Structures are given as structure tokens and as C-alpha cells.
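Understanding the architecture of this molecule
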Amino acid sequence: MPQSTHHPAPLSFPSSHPEAISRRMASAPVPGSAQGRPGIQPASPQTEIQRLMRAGMQLFHDNEDFQALATFKKAFLLSCRLPEPPTQARCLFNLGAAYIATGKPQKGLKCTRKAQKMGALEKDGDFSFNIAVAYDNLREYAKAIEFYKKAVREYNASKLPNAADALVKLAYCLVGTGDSASAAQSFRLAGQAYQEAQRLEDAAMAMREAANYFLRSPKYCPEEVLELLQVCHQLCTNITDPELLGNLHNHLGLHYAELKRFGQAEKHFVEAMKLCSGENFALRKRAVLMQNLGGIYNALGEPQRALGYHSEAADIYGVLGETAARAQCLYNLANAHGQLGNYQEAQGYYQQAVRSFGDAGDSYGEAQSWEGLGTTLLCLGHPDQAAHCSKQALAPSGTLLSFGCS
């Protein structure tokens, strides 16, 4: 049984997380500034605008978005005292980006549009990108998609990393519309662009997401998914961050398991487990990997090997107070003991699973546990009790594998 009802969660792109904000800023000097000219005293308003622009961009870089907003607002108000529309436009562009960053996309969109009309010089895709992010945050996906595509075209090969960022944002927007196939294509293009730009960590994550969303498509080609997983695996050889590498191996294992390539799934889960030491992984992530390896060994017909993994995962989840996850491990322990013919042990674990799923409010898991308990009781020669359990089981029977997501 999957650890959650959702497919593997997206990994966090350093610059292009699905919830990321617009960080496209105007960075050129304010037009008309005399700063740096020998013997000339800079005009006070222009000097202050320059200082505020630099301070705001640093605050933005440090993720101090609300402080950046206040700083850019001061810069814009000061620019309004100058008869220099280009200066006002650049300040307004940054103010718009800051509004989008702080959860005010409507205001941000208004500022960005106005800056564009006033003649701000951002014509390399940044306008389109920021407008797209604003519409994305407003959940106006059709308009967001239009402007993300426009940004990709405008960035083109001259700014590959920016184009790749826009492709990732486009992909998550397409996911929001339910178009998994187009999202997967966009992720793949982003991965290729990141590779060319030598941003290999982002490339690996994009390729993994491409495989993920191809798997969510109504019709997909297994060979195409396998190719993407192989590319992602090759890119992993260039990644040194142990937490990211562990997460990627875990997700690759999950996808190979979905394709019923259990041998390859095992290899990736084992690689992830090797990284699961010290401070690199939280205790819960170790439990997830133990759970996944146990599920793989169940699928490979090696229940004896599965027992230890399921048992340790159940213990960790118990310590963490995660009742639902522990219930899934108990179910898998019962399943493994049943495969080994240890019906008394299987009965005990199925009974624990029934109670734990009930406590967690998981009616499907509870029903499956009743089903397994009924089958086990029948093997133990208790047909009346087995019939009672079957009545409790409302879900269709079937062997469940426990694959978790970190």
C-alpha cells in the first residue's frame, strides 16, 4: 500500500520550486546617475535610489521579501520626484516583483504592466516571466501558460538557465490544469536546458519529474520513462549533496517499482540507504527507506528478507507517532509472514493493522487488513471467523506493497 495517497512529491528546485516566486529584478544602474564620475557630486535623489535598489536586491537575495518590498517602495516613491520615466519604470518593475513575492500578485501584475508601458528595458523574457508568475499565483493558468511560453521563447539560447526555470514553472502550471503529458515534456526540455547550462542537480530533478508525470499520463510509453530514469541516474553521478542524492535514489526506486522493475528499484533504495547515516537523513526518512525495501523484497518473493525492514520501519513510525504509516508496515509484516506460512504471526500483525488503520481513519487499509486476516484464519482452520472477517472487508482483495515517499 502506498505510504500516502499521492504520487511522489516534487523535489525542491533551488530556483524553480513549484511554489517559487518571481525573482526577476532590474539590476542595471539607474539612468542619469552621476555616481562614480570624478569631481561630480551625485544628485541626492538618484544616489538614494541607487542605494535603495541595491539594498532591496540584497534583501531579495537573502529571502527577506517583505523588507525588500518596503525598500523598493521607498525607491519608487523617491523616483516619482524625478522627471525620469525610465528610472520610475525600473523601480516600478522591481516593486512589482516584490509584490508578487509577498503574495500580492494582483498588485504585482499592475506594477509590472505599468512599468512595461513606461518603457522599462527588461525585454529578455523577464517581463513575461513575472507576468506569468503573477497569473500562476492567481490560479489563472491559461494566461500563466501563455506567458511562461512567451518567456521561454524570449530567453531562448541566450539565457538557458532562465529558460529552464520558466519551463519548470510552465510544467507545474500544466500539472495544475491536469495535462500531465505536456508537463512531462516541459520538464524534459527543462532538464536538457539545465544540462547545457551545467546545472546538473536541477537537470537531474527535472528529468525525474519528467518521468514522474509521464507515469501519471493516461497513455505513456514505458521505454520513454525508462530512458528518462536512466538519464537521471547518470546525472546522479555528478551530485555530491547527500540529502538530494538520497531523495533522488528513493524517487527513482519508486518509479522503477511502479514499472514493476523491482530489481532496479532495489538497487536505488539500497543506494539511498547507504546515504542514510549521521545528520544526512532524518529518522523518518530512514523509516521510509526501510519500508520501501521491505515492499520490494515482498514483490521479489523474498519475504524472509522483508521482515526485518518492515519491523524496523514499524518501530520507527511508532516512536514518531505516525499511526497510518505504522499500520502499513504492520500490514506488510502480516503479508510477509503469510507468504512464509507463519500464520499465527500473520494473524497477530493483521489484527494490529486493523486497529491501527481504524485509529488512523483509513477505511481502505482497514478493509484490506480484514481481508488478509480472513484469509489467514481460513488457513488456520477457522472458517467461521474467516467469514466474519470477509464481511468486514469492503475493499477488493489484493496484495498491497508499501512504498513510501520521503
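**Section: the overall build of the protein chain**
- Counting secondary structure elements, the protein chain contains 18 helices and zero strands.
- Put simply, the protein chain has 406 residues, and 51% of those count as buried.
- Once local pairs closer than 6 in sequence are excluded, the contacts in the protein chain between residues at least 24 apart make up 62%.
- Summed over its atoms, the accessible surface of the protein chain is roughly 18400 Å², and 51% of this surface lies on carbon and sulfur atoms.

**Quick word on the packing of aromatic side chains**
- Per the counting criterion, the structure on display carries eight aromatic pairs.
- On the basis of an interplanar angle of 80° and a centroid distance of 4.9 Å, the ring pair of Phe-93 and Phe-127 is categorised as edge-to-face. Residue Phe-93 is found in helix H3 (residues 85–101), and its partner Phe-127 is found in helix H5 (residues 126–137); the two are separated by 34 residues along the sequence.
- On the basis of relative accessible area, Phe-127 is assigned to the buried category, the value being 4%.
- Ring geometry for Tyr-172 against Phe-187: centres 4.9 Å apart, planes inclined by 80°, an arrangement best described as edge-to-face. With Tyr-172 in helix H7 (residues 160–176) and Phe-187 in helix H8 (residues 180–196), the pair connects residues that are 15 residues apart, well separated along the chain.
- Put simply, the rings of Tyr-172, Phe-187 and Tyr-213 touch in pairs and so form one group of aromatic residues.

**A look at the packing of helix H11 (residues 242–258) against helix H13 (residues 283–299)**
- Direction vectors running N to C along H11 and H13 enclose 25°, while the axes themselves pass 11 Å from each other. The orientation of H11 with respect to H13, classified from their angle, is roughly parallel. You can see that H11 and H13 cross each other, and the crossing is left-handed. Along the contact surface, H11 presents Glu-243, Asn-247, Asn-250, Leu-254 and Ala-257, while H13 presents Lys-285, Val-288, Leu-289, Asn-292 and Ile-296.
- Looking at the contact of H11 with H13 residue by residue, the classes come out as five nonpolar, three polar and two charged.

**Let's talk about H7**
- The end-to-end C-alpha separation of H7 is 24 Å, in line with the 24 Å expected for 17 residues at 1.5 Å each.
- Taken across its 17 residues, H7 has 13 buried, putting it largely inside the fold.

**Here's the deal with the confidence of the model for the protein chain**
- When the pLDDT values of the protein chain are averaged, the result is 86; 84% of them are 70 or greater.
- Across residues 27–40 the pLDDT falls below 50, and counting only partners more than four positions away or on other chains, this stretch makes 23 contacts in the model.
- Predicted confidence for residues 395–401 stays below pLDDT 50, and this span has 23 contacts to residues more than four positions away or in other chains.

**Notes on the pattern of salt bridges**
- This structure, assessed with the given rule, holds 14 salt bridges.
- Note that Glu-266 and Arg-305 form a salt bridge whose closest N and O atoms lie 4.0 Å from each other. Placement of Glu-266 in helix H12 (residues 262–274) and of Arg-305 in helix H14 (residues 303–320) is noted, with a sequence separation of 39 residues between them.
- For Arg-305, a relative accessible area of 42% corresponds to the partly exposed category.
- Between Lys-274 and Glu-271 there is a salt bridge, with the nearest N and O atoms lying 3.1 Å from each other. Taken together, the positions of Lys-274 and Glu-271, both in helix H12 and three residues apart, correspond to about one turn of that helix.
- We classify Glu-271 as partly exposed; its relative accessible area is 32%.

Here is what the cut-offs are and how they apply
- Residues numbered from 1 in each chain as written.
- Predicted model: local features only at pLDDT ≥ 70, side-chain atom pairs only at ≥ 80, totals over all residues.
- Heavy atoms only, no water.
- Helix = DSSP H or I, 4+ residues; strand = E, 2+ residues; numbered from the N terminus.
- Buried < 20%, exposed > 50% of the residue type's maximum accessible area, 1.4 Å probe, protein only.
- Contact = heavy atoms within 4.5 Å.
- Areas by Shrake-Rupley, 256 points an atom, 1.4 Å probe, with all protein chains shown as cover.
- Phe/Tyr/Trp six-rings, centres within 6.5 Å; stacked < 30°, edge-to-face > 60°.
- Axes fitted to C-alpha atoms, helices over the stretch in contact; angles between N-to-C directions.
- Parallel < 35°, antiparallel > 145°, perpendicular 65-115°, else oblique.
- Left-handed = near helix turned anticlockwise from the far one by under 90°.
- Nonpolar A, V, L, I, M, F, W, Y, C, P; charged D, E, K, R; others polar.
- Expected span 1.5 Å × (residues − 1).
- pLDDT = per-residue confidence, 0-100.
- Salt bridge = Lys/Arg side-chain N within 4 Å of Asp/Glu carboxyl O.

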